[in-house]
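# Structural description and commentary
Here are the chains, one letter per residue:
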Amino acid sequence: MTYPGPGPIANAPLIDTFGRLHDNLRISVTDKCNIRCFYCMPEGPINYIDHSEILRYEEMERFVRVAVGLGVTKIRLTGGEPLVRKDLDKLIAMLTAVPGIRDIALTTNAVLLEQHAQSLYDAGLRRLNIHIDTLDRERFHHITRRDDFDKVMRGIEKAQAVGFPTIKINAVAVKNLVEPDIVPLARFGRERGIEIRYIEFMPLDHQGLWDKRKVLTADEMLALLTNEIGPLEAIPDADPRAPATEYRFADGIGRIGFIASVSKPFCLNCNRLRLTSDGKLRYCLFAIEEMDVRELLRNGGSDDEIAAVIRENVRRKWIGHEINAQKFIPPPRPMHSIGG
Ligand code: SF4
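### Description of the overall build of the protein
- Counting secondary structure elements, the protein contains nine helices and 12 strands.
- For the protein, the spread of C-alpha atoms along the three principal axes comes to 60 × 45 × 40 Å.
- Looking at the protein as shown, the accessible area adds up to about 14700 Å², and 53% of this sits on carbon and sulfur atoms.

### Quick word on the packing of helix α1 (residues 57–69) against helix α2 (residues 88–96)
- The N-to-C vectors of α1 and α2 enclose an angle of 25°; their axes lie 10 Å apart at closest approach. On the basis of their axis angle, the class for α1 and α2 is roughly parallel. The two elements α1 and α2 meet at a crossing, and its hand is right-handed. The segment α1 lies against α2, with Tyr57, Glu58, Met60, Glu61 and Val64 engaging Leu88, Leu91, Met94 and Leu95.
- Across the contact of α1 with α2, the residue classes tally to seven nonpolar, no polar and two charged.

### Observations concerning the site of the ligand
- Every residue lining the ligand is accounted for by Phe266, Cys267, Cys270, Arg272, Arg274, Cys284, Leu285, Phe286, Gly320 and His321.
- When the residues that make up the shell around the ligand are grouped by side-chain class, the tally is six nonpolar, two polar and two charged.

### Concerning the confidence of the model for the protein
- Here the protein averages 94 in pLDDT, and 96% of its residues register 70 or above.
- Counting contacts from residues 1–7, a segment whose pLDDT is below 50, to residues more than four positions away or on other chains yields seven contacts.

### Examining the environment of Val314
- For Val314, the location among the structural elements is in helix α9 (residues 303–315).
- Judged by relative accessible area, Val314 falls into the buried class, the value being 2%.
- Among all residues touching Val314, those that are not within four sequence positions of it are Leu14, Ile15, Asp16, His22 and Leu273.

### Overview of the domain arrangement of the protein
- Along its sequence, the protein is organised into domain 1 (1–121 + 271–323) and domain 2 (165–270).
- Here the C-alpha centre of domain 2 lies 25 Å away from the C-alpha centre of domain 1.
- If you look at the interface, domain 1 gives 22 residues, while domain 2 gives 25 residues.
- Buried surface at the junction of domain 1 and domain 2, both sides included, amounts to about 1800 Å², of which 63% is carbon and sulfur.
- For the pair domain 1 and domain 2, the number of links is one salt bridge.
- Applying the counting rule to domain 1 against domain 2 returns six residue pairs in polar contact (both at pLDDT 80 or more).

### A word on a nonpolar patch on the surface
- A cluster of nonpolar residues, Phe18, Leu268 and Ile319, forms a patch on the protein surface that exposes about 310 Å² of accessible area.
- Within the secondary structure layout, Phe18 lies in the segment before β1 (24–28).

### Here we look at the pattern of salt bridges
- One pass over the full model with this rule turns up 33 salt bridges.
- Taking the shortest distance from any N to any O, the salt bridge between Glu312 and Arg316 comes out at 2.8 Å.
- With a relative accessible area of 26%, Arg316 lands in the partly exposed category.
- Sharing partners across several salt bridges, the network here consists of Glu195, Arg197, Glu246 and Arg255.

### A short note on the pairing of strand β5 (residues 166–173)
- Extensive coverage of β5 is indicated by the burial of seven of its eight residues.
- Pairing between strand β4 (residues 127–131) and β5: five bridges, direction parallel. The residue bridging Leu128 from the neighbouring strand is Ile167, located in β5.
- The sheet contact formed by β5 and strand β6 (residues 195–200) spans six bridges and is parallel. Each bridged residue has a counterpart across the sheet, and for Ile169 the counterpart in β6 is Ile196.

Calculation criteria
Residues numbered from 1 in each chain as written. Predicted model: local features only at pLDDT ≥ 70, side-chain atom pairs only at ≥ 80, totals over all residues. Heavy atoms only, no water. Helix = DSSP H or I, 4+ residues; strand = E, 2+ residues; numbered from the N terminus. Areas by Shrake-Rupley, 256 points an atom, 1.4 Å probe, with all protein chains shown as cover. Axes fitted to C-alpha atoms, helices over the stretch in contact; angles between N-to-C directions. Parallel < 35°, antiparallel > 145°, perpendicular 65-115°, else oblique. Left-handed = near helix turned anticlockwise from the far one by under 90°. Contact = heavy atoms within 4.5 Å. Nonpolar A, V, L, I, M, F, W, Y, C, P; charged D, E, K, R; others polar. Near = heavy atom within 4 Å. pLDDT = per-residue confidence, 0-100. Buried < 20%, exposed > 50% of the residue type's maximum accessible area, 1.4 Å probe, protein only. Domains from an automatic or database assignment. Buried area = accessible area lost by both parts, 1.4 Å probe. Salt bridge = Lys/Arg side-chain N within 4 Å of Asp/Glu carboxyl O. Polar contact = N/O pair within 3.5 Å; in protein donor to acceptor, adjacent residues only side chain to side chain. Patch = residues over 30% accessible without salt bridge, like charges linked within 9 Å, V, L, I, M, F, W, Y side chains within 5 Å. Pairing = 2+ DSSP bridges.

Below you can see the structure in the form of structure tokens.
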């Protein structure tokens, strides 16, 4: 595939054909994970990406430098589980040093967070999203098929002790499973000053488990929380392009957010691009097509050529996912190798 070469638009911001500005890059640093959430990964066997195809930290840093030149200012590191990749703090230190990067965040399942919290913080990380769907040990085991509940809770404690100013919990809400967890999670967040993000179940599992009837919607969760805890007030969008709709409890204690991709899609405000751990650029979590940058990064491609691929990827971006459309096709790549 040939890509258009560098041209007069070299410094123009990354605006797609729908007028959306792209300044947020999510990087999946590995497709491996140390737990097995049933809606993301099969128990096994799993065809992991061969190590030789995984981008080196220097290659990721170089890609970020080029992307910053096109207006990217925010980076989120995801997986699989990013903390299973060795020396992640080194990558964070490298990215923190890239001029123009204003914000770096990490999404983790916190199983290894107790060991790594301090070094991540020392490397410059300040924002953590911790993925946990329940505070019930048995349901945790049922969902993740691992017995790591205590490790996760210790990881959260350690992150707070280290002093991360922004810690949020991401909780995937599968209907007829996590209803008993919605209120306890919110209470937990109120007690600890942690924002809880409830994420509607999306069709990203590779086992065909997803069904719209298994989606606990934002409105259903809002009703549950209002009935059990108290009234919630919508918080005016700090950044209208952020995926979550945010609320605070009227009593002033605690914030929650809903990522309502299914019931209230927010694609018209999307500002995100994704880089997979094997060097594929994706303009959407649900994208069917991908564009390779590893070849250019590894075999003498110029920064202009890499920039041209990023531009072309944005130019090709569709209006949004088609989860609610008859013709919806799940992405060929499994969630654990795309990243949240
Ligand atoms: S589904 Fe795709 S287009 Fe929509 S908000 Fe998510 S990444 Fe953006």
